[in-house]
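Chains, contacts and geometry: an overview
Letter by letter, the chains look like this.
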Amino acid sequence: MNWADSPEQAAFREEVRAFIRDNFPEGYRPDPGAEQSLEPEDVWGYNWPADRVSDDPERRDGARRWAAALAERGWITPHWPKEYGGAGLSVMEEFILQEEMMRARVPTVNGIGAFLLGPTLLEAGTDEQRATHLPPIARGEVTWAQGFSEPGSGSDLASLRTRAVRDGDHYVVDGQKVWTSLGQYADWLFVLVRTEPDADPKHRGITFLLVDARSPGLTINPITDIRGDTPFCEMFFDGVRVPVSCRVGEENRGWYVAMTALSFERAGIGATIKYEQAVAELVRYLSSEEGRRFVRDDASVRQEIARRYTEIRVLYNLARYSVSRQAAGEVPGHEASISQMFGAELHQRLARTGAKAFGEFARLWQREDAPLAAAFTHMRRDSVATTFLGGTSEIQRNVIATRGLGLPRS
Ligand SMILES: Cc1cc2nc3c(=O)[nH]c(=O)nc-3n(C[C@H](O)[C@H](O)[C@H](O)COP(=O)(O)OP(=O)(O)OC[C@H]3O[C@@H](n4cnc5c(N)ncnc54)[C@H](O)[C@@H]3O)c2cc1C
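A quick note: this is a predicted structure, and the numbers were derived from the prediction, not measured.

Another point: the overall build of the protein. Across its full length, the protein holds 14 helices and eight strands. Relative to the 2.2 N^0.38 estimate, which gives 22 Å for 410 residues, the radius of gyration of the protein is 22 Å and therefore close to what a compact globule would have. Considered along the principal axes of its C-alpha atoms, the protein spans approximately 75 × 50 × 45 Å. Buried positions account for 42% of the 410 residues belonging to the protein. At a minimum sequence separation of 6, the contacts of the protein that also span at least 24 residues come to 71%.

As structure tokens, then:
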């Protein structure tokens, strides 16, 4: 496969590099103590929704200035039409922008709003919903979180039980959501609720609602994960009133709206560049004098690293393949599941390989003691979640088997 840039793409790539060089705020530095954000496209040391409201004035100011610079070009929402604050970029240009931002290790802004909710509203929202909600996302002023999963309803999402009952021009919502990424920073949520308890099949009784995170009756509690970090939340709905005008699509047809949102989640370049950089740093260190002295030097480690490098190239090719299909006007389908699953499992293998290379030093946890060894140790813990967060590996395999290969469901 030849993925070389066309002259126009090469010029655009140069434009992005110059933009980052000239506009990324000087004082907006990665936080060396921060846990890795679990969102695949985020670069290490930044978590834009958290940085935007940080107690550290320099970090807060940096996050806001970066968002303002991107917004001026429409590059928070590069693929959206210009009328809503996007840049109207082609799929390929959007890919290049994302790739260059990851290479330069600068954070994307407002990912859930820009890449999940936005495209969903563009496809299924009303004119009023688009006019109200899209421009503030494109300006980096309002952040969103996705409230789909519930205790007992993750892979089997259609079994969800959070109930919404119509009361005049409102729905009254009661129930619980869980694992809501970045929910504690969100201004708004998009949630799935059950509006028809006896629906058969279950997914026909679900509705898609937009909920103001400050609504009375809504409680959002951060959950602490294995790393001691709080990447997600649980949310309790106790008689929360949501205007009917905040319903996306028809009542009981929200499942189809949600599937549109999830198909966007599984597309894109993912974490390829992040993995590539991790391997490059490992190789650099192992080749250095210090690396030779401290780190295990055996053939199996070298072979594992070579294998990881090869897999990263495969992942990059999968991403380019998905994007080239999108560029041809096709909706991401089971190919996106292949990328998502392969990337998530590669994350775990890469973390294990790094830890193996460092041998007993991989037990070091403090970054100031051994930055690279600790980075792989932290990566090992981060990687536990990757085969869950965008749909588990088993579910992705089911999608590939049934939708990709046409195998029977049972
Ligand atoms: C870091 C992180 C961030 C997340 N962010 C969000 C978010 O922002 N919003 C949101 O709504 N949710 C979010 N989630 C939730 C995520 O979508 C769910 O964890 C996921 O869908 C799996 O659901 P579950 O945790 O209930 O596990 P379960 O569905 O209970 O799965 C348990 C195990 O059973 C297996 N299994 C289940 N069904 C089948 C089957 N049919 N065939 C074979 N094996 C099966 C699974 O593969 C898994 O190994 C997040 C999760 C994580 C870890």
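Next comes the rest of the account.
A word on the nonpolar core. Grouped together as the largest cluster of nonpolar side chains are 93 residues, with contacts concentrated most on I76, W144, L189, L192, L209 and V211. Setting aside residues no more than four positions away along its own chain, L189 makes contact with W144, A145, G147, V211 and A213.

Taken together, 20 residues lie around the ligand, and F148, G154, S155, S181 and T392 are the ones closest in. Sorting the residues of the shell around the ligand by element identifies β1 (144–147), β3 (170–181), α13 (386–389) and α14 (393–404) as the ones contributing at least two each. Of the residues belonging to the shell around the ligand, the class tally is nine nonpolar, 10 polar and one charged. Split by domain, the residues of the shell around the ligand number at least three in each of domain 2 (144–253) and domain 3 (266–404).

Moving on, we come to the packing of helix α1 (residues 7–23) against helix α4 (residues 91–103). Taken N-terminus to C-terminus, the directions of α1 and α4 make an angle of 40°; their axes are 10 Å apart at the nearest point. Looking at the two axes, α1 sits oblique to α4. Of the two possible hands of crossing, α1 and α4 adopt the one that is right-handed. Here Q9, F12, R13, V16, R17 and I20 of α1 come into contact with α4, specifically with M92, E93, I96, L97, E100 and M101. Of the residues that constitute the contact of α1 with α4, the class distribution is seven nonpolar, one polar and four charged.

A few words on helix α8 (residues 272–287). End to end, α8 covers 23 Å across 16 residues, agreeing with the expected 22 Å (1.5 Å per residue, within 8%). If you check which residues of α8 are buried, you get T272, I273, K274, Y275, A278, L282 and L286. In this fold, the buried residues of α8 make contact with α4, α9 (289–294), α10 (299–327) and α11 (334–358).

For T387, the position within the fold is in helix α13. The exposure class of T387 is buried, given the 20 C-beta atoms found within 10 Å. Apart from residues no more than four positions distant in its own chain, T387 is found in contact with A344, E345, Q348, T392 and S393.

Let's shift gears to the pairing of strand β4 (residues 188–194). Among the seven residues that make up β4, seven are buried, leaving the element largely enclosed by the rest of the structure. The alternating pattern of β4 places W188, F190, L192 and R194 on one face and L189, V191 and V193 on the opposite face, and all of these are buried. Bridging between β1 and β4 involves four bridges; their strand directions are parallel. Paired with W144 across the two strands is W188, which belongs to β4. Where β4 meets strand β5 (residues 206–212), seven bridges bridge the pair, whose relative direction is antiparallel. Within the sheet, the bridge partner assigned to L192 lies in β5 and is F208.

This part takes up the packing of α11 against helix α12 (residues 371–382). Here α11 crosses α12 at 140°, and the two axes come no closer than 8 Å. At the point where α11 passes α12, the crossing takes the left-handed sense. Facing A351, R352, G354, A355 and F358 of α11, the residues of α12 in contact are A373, F376, T377, M379 and R380. Looking at side-chain class alone, the contact of α11 with α12 contains six nonpolar, two polar and two charged residues.

Looking at the assigned domains, one finds that the protein contains domain 1 (7–109), domain 2 (144–253) and domain 3 (266–404). Contact residues are listed per partner, giving 15 residues for domain 1 and 16 residues for domain 3. Here the side of domain 1 that touches domain 3 is built from residues that sort into eight nonpolar, three polar and four charged.

Right, let's get into the environment of R204. Following the sequence through the fold, R204 ends up in the loop between β4 and β5. Residue class for R204 comes out partly exposed when judged on the 14 C-beta atoms lying within 10 Å of it. Put simply, R204 and D22 are 182 residues apart on the chain and 50 Å apart in space, counted from C-alpha to C-alpha. Sequence-distant contacts of R204, that is, excluding residues within four places in its chain, are made with E196, A199 and N252.

Right, let's get into unusual backbone geometry. The amide bond that connects D200 to the next residue, P201, takes the cis arrangement and shows omega of 0°. Checked against the element boundaries, P201 lands in the loop between β4 and β5. Even without glycine at this site, R105 takes up a positive phi of about 60°. Structurally, the position occupied by R105 is in the loop between α4 and α5 (111–124). Classification of R105 as partly exposed rests on a count of 16 C-beta atoms within 10 Å. Unusually for a residue other than glycine, N110 sits at a positive phi of about 65°. Structurally, N110 can be placed in the loop between α4 and α5.

Quick look at helix α3 (residues 57–73) now. Between its first and last C-alpha atoms α3 spans 25 Å; for 17 residues at 1.5 Å apiece the expected length is 24 Å, and the two agree. The set of residues buried in α3 consists of R59, G62, A63, W66, A67, L70 and A71. The buried residues of α3 occupy an angular sector of 160° when projected down its axis, which confines them to one face. Every exposed residue of α3 that faces more than 90 degrees away from the buried side is listed here: P57 and E72. The positive-phi residue at the C-terminal boundary of α3 is G74, with phi of around 80°.

The rules behind the values
Residues numbered from 1 in each chain as written. Predicted model: local features only at pLDDT ≥ 70, side-chain atom pairs only at ≥ 80, totals over all residues. Helix = DSSP H or I, 4+ residues; strand = E, 2+ residues; numbered from the N terminus. Rg over C-alpha atoms; globule rule 2.2 N^0.38 Å. Buried ≥ 20, exposed ≤ 12 C-beta atoms within 10 Å, placed from the backbone. Contact = placed C-beta atoms within 7 Å. Core = buried A, V, L, I, M, F, W, Y, C linked by C-beta atoms within 7 Å. Near = placed C-beta within 6 Å. Nonpolar A, V, L, I, M, F, W, Y, C, P; charged D, E, K, R; others polar. Domains from an automatic or database assignment. Axes fitted to C-alpha atoms, helices over the stretch in contact; angles between N-to-C directions. Parallel < 35°, antiparallel > 145°, perpendicular 65-115°, else oblique. Left-handed = near helix turned anticlockwise from the far one by under 90°. Expected span 1.5 Å × (residues − 1). Pairing = 2+ DSSP bridges. Arc of directions from axis to C-beta.

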